[in-house]
Every structure is written in structure tokens, then in C-alpha cells.
Amino acid sequence: MGKYILRRVLYAVPIAFGVSVVCFSLVYIAPGDPLQTVMPPDATAETIAIVKHAYGFDKPLPVQFLIWLGRVVTGDFGMSISTRRPVILEVSQALSNTALLAMFAVPIAFFIGYVMGAVAGSYAGSWIDRVVTGAAVVGVSLPNYWLGIVLVILFAVQYMLLPATGMGPHGSTSFDLLQWSNAKFLVLPVITLAMIPIGILARTTRAAVAEVRNQDFVQTLRAKGLTEWAVTRHVLKNSLPQVMAVMGLQFGYLLGGSILVETVFTWPGSGFLLSKAIINRDVPVLQGTILTLSLVFVTTNLIVDLLQSLVDPRIRRA
Amino acid sequence: MTDTIVLDEPLDTFEEQALPATRVRGYWQSVFYRLRHDPVTLAFAAIVLLIVWAAIFAPLIAPFDPYKESIVGRLKPFGWRGHMLGTDELGRDMLTRLLYGGRVSLLMGVVPVLIASLIGGMLGVVGGFAGGRTNTAIMRMMDVFYAFPSVLLAVAIAGAMGGGMANGMLALTLVFIPPMCRVAETATTQIRSLDFIEAARATGARTTTIIRYHVLGNVLGPVFIYASSLISVSILLASGLSFLGLGVRPPIPDWGLMLSTLRQSIYVVPLVCALPGVAIFITSICCNLVSDGLRAAMGVRM
Amino acid sequence: MRTGLPLDPRDRGGLQQPMLIARDLRKHFPVKGSGKSVQAVDGVSFTVGKGETLGIVGESGCGKSTLARLLLHLVTPDRGELVFDGDAVGAPEGIAVGALRRQVQMVFQDSYSSLNPRMPVRDSVAFGPFVQGKKKDEARHIARDMLSRVGLDPSLFGPRYPHELSGGQKQRVNIARALATGPRMVILDEPVSALDKSVEAQVLNLLRALKRQFNLTYVFISHDLNVVQYISDRVLVMYLGRVVEIGPIDAIFERPLHPYTHALLASRPSMDPAKRIDEPPITGDPPNPIDPPSGCRFHTRCPFAEAVCEAADPVLGPWEGMQSHVAACHIHDPHSGHSRFGNA
């Protein structure tokens, strides 16, 4: 077992390395000279040469990569071009804001999605199943940022119940959860963010539950005389690994893919930071954010994999 | 020796063989049969075809010019002066813009999936059939791209390359290649260990021949179904990219872009501003349901 | 063997030359993680004469299927050699694997997975000739001919898919497919094991008839002794990757030399209610092929095992021509020191 954990962790290392290569090369696939991204447009040739040397742009690519990697590993992501603050600070702050959203969205999505799917799967073929499946399909087919806009129209414009944008009153970025004046900013973004995961989880759970129910051992349980409720508990337990795998993916997805929702609600999270960086062509922030988000995703997948192997012993592959 | 079976019967004649009572259909025929008797899927497929048709023939059926602005007629509600669905923030007719927008959105939805299926499918079949280190190498490479959430990867690539429709399509293609590759590889690996492949090898057939005649026919099903389920995802992602300004540039109409530019105007004519999202939603959900129906008809479990 | 039949134009050494000689074939499959390997085939040697049917018997896990695949080089042996009609397989001056496959074919066991589910049956049969150079029309014609020879009406069965056929019909298709390329020798890996008894009889009769028609040589692998007895001329008994006994069919079945063969024969359930078996003729589970017992591999289950059996590997007795009946057992080896030598 321990060997499996070790092997799985070691496997994540080359993946992380590959991820950093991709992040690094993002700058170079961009049209134009990467130098332009860190220089004001009217610099003199001398200044250009100095900066070039300082940033190491005159060295061959693999060397540049290693230098960059070295700095990144020690936490030095460089300076944001637009705000002149260290990238690492910007990213960590933004990430904590996104994490706040995810913290709420994930349990909600899991709970609602799992219950929906479990009910649908247990009554497979009935009208309940069809309603739930229909709702799940809707959830997966809606552009979530559009849902955000619609919710804003409904709750902020028409009925003025909840704020339309931002993270706190007067655009502040600190947060006190216990105050409704703060917490109400969470409601719409969280609901919007949770929508797609709910749909996916409902579908997956339904499929898993329906599949497990059909297996022979369920009949055996009934023949042994267990109540229907007890049988259902067994079924749910057996369908858990499949669902967990998907859920883990969704969590990472939420962290990485929150960019659209955060743009709609102007929530100062990592996604919003990313979209600002793209508009401003703020390359250090771009690199830092993408790298951080994808590494978080890799780590999340790793943890979910390991948890899954704990729950389902069949999964421990050689 | 009395316990052994002693037989010396003649070969059976043709009449004694048991044939199925009715002529059973071939594989694809049974798929079409099931589809024909699935009214739900057919209905949604009809809607999808309608959307595609409307997008193709937009220039012929649209009532107005999608680029013609009007200072006076900005953000007008439904039905104002012949604009059935109102006007946008620059006074352009919404219905026309939606019809033209469909072209871009559908294109950006379908083309990346198509290309990714070809490339990813090829890689997956090669890897799955070759096995061993080749397979590991290919799948490891895919794993690196799998390490990015799809939205993030699409935004990162499109953003780094500066936006625009071609870059957006490229980004989406890159996002979809790993999952297509994985589906093809799984299907190929499952087939590869079956006896009929060994029998084919036993006749001395070359690998390419075996792949062409024996593997592809069996892999095409799962790949096709997965690709069809990706179309709705692609449409959503593509419109998301446009929403962030990473897709086509204004004034070209595109549903995602329209949502973005209309966002500020939700306080004025909320219904009109929600329209592009409705278009995306309808297209996406119909593609999803058709894909589900196809999956049921083809009897493949993913 | 069979005399009076015309020689195949591809014949290279006349009737006296064996069709196939296997020498010391070895195939071990490494197990991931541990340093050990599954010793599937561990030093197997035998000869197959032209026109005969050699039956290979053994329980599951004895290595029969691996051996079958080794004979066609579908799996490359770690060690050992194959000689087909006088030519060494794979050697530069002998016969290439590709050419071998034009003369030797295989019928697989699992009729479900041995046919491409997406191909009509006649295309599956026509694939072999097509690959070996025939044009599509010619290949289809051959396929139709073969289907009728195995007792399936080609116009009725040709366009059908495997899932529309019964088990027996699928195996006929498999046989047709194997014969479509015109081989001289056919290796049959448990061809009737998955079939109902009545269908099994039909297929066995078909195989016998085809052998006469096409002047074939068979290597017939099975775990079912009755089937082997019905169809074979000689029998080879395998246990855990090794040959334990070879001999003509009657000799093996009436006077088995090896205790394992004896136990196998005794464990056949009888159709005669008067003959009831009180005790199981063989006890214990077959040992693990990854960690086979030392010395004679059967010694852990052999009622006659002695110290020498655990210490030393027995060898097959002296080979004196194709009708020899020999076993790899210390009881029959004068130099082994086994107490039962001479009165087994």
C-alpha cells in the first residue's frame, strides 16, 4: 500500500514538470517578442539590451527555462507588470478568494448532485429518474456565466435582493463571513459555480448507482433478507468510488475554471486575476497564475486518487 | 473403453442447422433502427439540424444587416419596429445577429472536435495497438495536458496567442486531443487482446492492415460517441472564450461575445441581453441529448 | 501414419520426415514487481508426424495455450527451436515466420472473441487469403467455398455477424477461417471446450472429415480426455509447463506410465452408474506456475513421491521412434533409485 502511494506521488512529479514546461512556453507561443511584454514600448536600444540581459532573454531557451524553474521553485514568480507587486502575493491572495467560493460550492454541489443522482439511480426508469436526469442535462448544457447573468438580472436587478458584483461592500477585499452584509456576496457566485458540477455529479452518481444495483450481489443481499434501505446503503457505498473520482476532478475544475464566473461577478479571485492579466498582457502574472492553478489541480487529483484507492482496493494498480 | 463416446455421424445437412427466425440486421442497421424508433432523440436532432440550417442560410433568412448600427434604435425591446427580438447596444437587430452568430459558434464548436478526433484518435489507436513503451510515452504526454482544467488550458493558450477565432479553435483542439486519445486508446487496448486479432496476426497480416480492417471498425463507435458528446462542451467553451474576449473580435457576431458586450445593458432590457445565452443553451442541450440518444442506440457504455 | 495419400506440393522431406519438431521450448512471463516469472512452458520437446493428430492434454495452467502460440510464433520462445518439415523456423537458412504462417494455422477456443464482431462472417474468413495475396473476389470465393465445406450454407451464413450464430456455428466459421489459407498443419486450442456436448460431437466429426479431405496434420489441445481419445493418434500429457508423458493413444489410455496421467484418467466421471469413485483420484490444488516445486513438479501431489522426486528433475524416457511410449517419472528410470522401479 505504501509502495502504491509512493509510486503515485512519484508519478506526479514528471507531470508537474511537464506542466511547468507548458506554462513556460506559453510566453513563447505568443505572437511578437516576449521582450515586449516586460518593456515599455518606447525604450531605447540600450535599455532593451540591459533588460534583455537582466531577464536572461539572450540565453538559449532551455537555460532560460531552468532559470525560470529555479526561481519558481523558491517562490519567486517575478513582478506584476501592471501593479508592480510581487506576483506570488497577488496569486496567493486571489487564490484564497477563489478558494472561498470553492469551499462553499464543492459541498453544495456534492450534496445536491449526489442525492439527486442516488435518488434517480435508485428509481431508475421512473419519472423521478427522468426529472432528475433532465435537470442534470440542463445543468451541464447551460453556460454557467450566462446563468450568473440571469441570476443577477433576477435577484439584483428585478428584485434587488442580492448584490450584483464584487466581493464585499465598497469593493473591499477582506471578508467576514458571519456578517450577512458580506456573506450575501457569496450567494450568487457560489450557486452559479456549483451548477455544472451538480449536473455532472448527478449524472455520474445516477449511472454508478444504477449500474451497481444491477449487479448480482444486490440480489444476494435481498435474498439474505436485508431491508430495502439496508440494500440501498450497500449500493451507495459501492458506487462511491466512481463518484469520488469525478468529484475530485470537479473540485480541481472549480479552482481552475472559475474564470468565467468570477468575471461575471467581478469576484477578485484567481480567475479574475487571470483575465485581467490576459487583457493587460501581464506575462508574469499569467505564468504564475496558470502554474499555480494547474499544480493545485494536479495535487487535488493525486489526493483524490489516493483516497479512492483507500476506499476501493481494486483500484490499486501495479 | 465402454465409457467413451462413439460417434461416426455424417455431417449435418443444411436443413438441420438452426438459423435465427428472422433476418437480423447488421450492426449499423440496428443502430438506425433504434434511432428511428426514438422520437425524443429524433426531435432534438431535428432542432439541431434546424439550427445548423439557419446558421448556414443566415444571409438569406435574416431580416436585417448584422452590422448596421442605429443610434436611435439602441437596446429596444421585443417587437420594436420590426425587430422581433429587439436590438443590441449599438442598435443592431438581435435576431439577425443571433443567426449570424450561430455560424461562428457552431464552427468553433464542431471544427475543434473534428480535428481533435482525427489527431487524438490516431494517436490513441497507434498507442493502444503498439502497447509497451510507445503507449506509455503517448499517454504520459497526454497526462501532462490532462493536468490542466480544460477551461484554464483553453484560456491560457488562446490568451497567450492573443485571441481571435483561429487561435480559439486551436486552443480548443489542443484541449480535446487528450480525452479523444484516451478513448481511442482504451478501445484499442480492449480489442487488441481479443483472439480475432491474434488470428489476423496468425495469417501474417501487416500491422497496418490489421488496424485498418479489424481495429478501426471496432474503435470508431466509442470515438464517435465521445466526440458527439464533446460538441456541446466545445460550444460552451468556445462561447466562454468569446465572452472573455478571446474569440472573434467585434463587430463579428458571436453568441459569447454578444453576451459580454450586452452585459452592461442588463438593467435596461434584461430579456434582450439574455438572448445569446438562450441560443447557446438550446444548441448545447440539443447536441447533448442527441449524443445521449446516439449512445443508447449504439449500445456503448462509457 | 497415413500412406497412399498424394504428397502436398509444398512437402519437403517425404512422409518419414516429421511435420514439426519442437526442441526444448521455453517461455517464461515475468511478473511485474517481483523478480519471478510465470514458467508457462519450461523445456518442452516433441515431434509431430505428417498426417497424424497429436493430442495435448493437461489441466488449466499447464501451459497448453502458451505452447500453442509458441508453435505459430505468435509468442516468441525464450529458448528452444522449432523445425517445420526439416527447416528451422526463424533461422536464416530455414523457414521464415511469415512463410511458416502460410502452412500452419490455428483454431482458437473462445468462439466469442475469435471473430471480429463488426465483420460479416464471410469477410472474416476471406481475410486470410486476402492478406496472403489473393484479390478480393478470389478471397471471397475461397471463403464461400470454405464455409460450405464446414457445413454452413454460404449464402445464408456469409453475410451474418458473429452474434447471430450459435457457438457451434461460430466454431465452424473459425475452422473455415483457419483452412482458408490452405495450411498443411492446424493447431487447435481447445476448439470444442466451450460447446455443448451434442454440438461438440458434430464439430469433432467435421474436423476428422476435413483432415481426410485436406490431408492435414493436427495438434489438438484439450483438457477433456474423452475428446482427446476420440480424435488423437498420439497423446502428449503436460503438467506445469513440462511434458510428463507421450505415447500412442491406446497405450496412454490403457497403460498410463505417469502417476499424473493415471490420476487424470481415473478422474473422468463415468457414464456407468455401477462404476462409482469413492475417493478423489487426485488431491490438492495445482501448484503455482510462478513458484513450481523443485525436482519433479508433480511430487507434491503424487501418491508415490519419494525423496529423489523432490531432489531431481525426471527426464523423458528413451525415444525409439514415433510409436514410443515414454514418461518423465523416476519410477520408470532405472538410475533414479526410486523404490518402485520395475513394478509400477
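None of these values were measured; they are calculated from a predicted model.

**What to know about the overall build of chain A**
Inference 1: Within chain A, the secondary structure is distributed over 12 helices and 0 strands.
Inference 2: Listing every helix and strand of chain A by position from the N terminus yields α-α-α-α-α-α-α-α-α-α-α-α.
Inference 3: Counting the 318 residues in chain A, one finds 38% classified as buried.
Inference 4: Counted over contacts in chain A with a minimum sequence separation of 6, partners at least 24 positions apart contribute 73%.

**Some thoughts on helix α4 (residues 94-130) of chain B**
Residues and elements named next belong to chain B.
Inference 1: The end-to-end C-alpha distance of α4 is 53 Å, a good match for the 54 Å that 37 residues give at a rise of 1.5 Å each.
Inference 2: Its axis deflected by about 25° at Gly101, α4 carries its strongest bend there.
Inference 3: With 26 of 37 residues buried, α4 lies mostly within the body of the structure.
Inference 4: Phi for Gly131, located one or two positions after α4, is positive at around 65°.

**Some points on the interface of chain B and chain A**
Inference 1: Contacts between the two partners involve 32 residues from chain B and, on the opposite side, 38 residues from chain A.
Inference 2: Mapped onto the side of chain B that touches chain A, the elements with two or more residues apiece are α5 (132-146), α6 (150-161), α9 (207-243) and α11 (270-298) of chain B.
Inference 3: If you tally residues by element for the side of chain B that touches chain A, the top one is α11(B), at 9 residues.
Inference 4: Its residues placed into classes, the side of chain B that touches chain A shows 22 nonpolar, 8 polar and 2 charged.

**What to know about helix α8 (residues 216-223) of chain A**
Inference 1: Little of α8(A) is tucked away, with 0 of its 8 residues classed as buried.
Inference 2: Just past α8(A), the residue A:Gly225 takes up positive phi, approximately 105°.

**Overview of the sheet that holds strand β9 (residues 234-239) of chain C**
All names here are of chain C.
Inference 1: A sheet is described by the order of its strands in space; here 7 strands give the open sequence β6-β7-β8-β3-β9-β10-β11, paired in mixed fashion. For this open sheet the edge positions go to β6 (104-107) and β11 (326-327), each flanked by a neighbour on one side alone.
Inference 2: Pairing of strand β3 (residues 53-57) with β9, which is carried by 4 bridges, proceeds in the parallel orientation. For Leu54, the partnering residue across the bridge sits in β9 and is Arg234.

**Quick look at unusual backbone geometry**
Inference 1: Of the consecutive residues B:Pro250 and B:Pro251, the connecting peptide bond is found in the cis state with omega at 10°.
Inference 2: Relative to the helices and strands, B:Pro251 is located in the loop between α9 and α10 (255-262).
Inference 3: If you check the backbone angles, C:His73 has positive phi at about 60° while not being a glycine.
Inference 4: Residue placement: C:His73 occurs in the loop between α1 (64-71) and β4 (79-84).
Inference 5: With a phi close to 50°, C:Asp85 is a non-glycine residue in the positive phi region.
Inference 6: Judged by the 22 C-beta atoms lying within 10 Å of it, C:Asp85 is buried.

The rules behind each value
Residues numbered from 1 in each chain as written. Chains lettered and ligands numbered in written order. Predicted model: local features only at pLDDT ≥ 70, side-chain atom pairs only at ≥ 80, totals over all residues. Helix = DSSP H or I, 4+ residues; strand = E, 2+ residues; numbered from the N terminus. Buried ≥ 20, exposed ≤ 12 C-beta atoms within 10 Å, placed from the backbone. Contact = placed C-beta atoms within 7 Å. Expected span 1.5 Å × (residues − 1). Bend = angle between axes of the 7 residues up to and from the residue. Nonpolar A, V, L, I, M, F, W, Y, C, P; charged D, E, K, R; others polar. Pairing = 2+ DSSP bridges.

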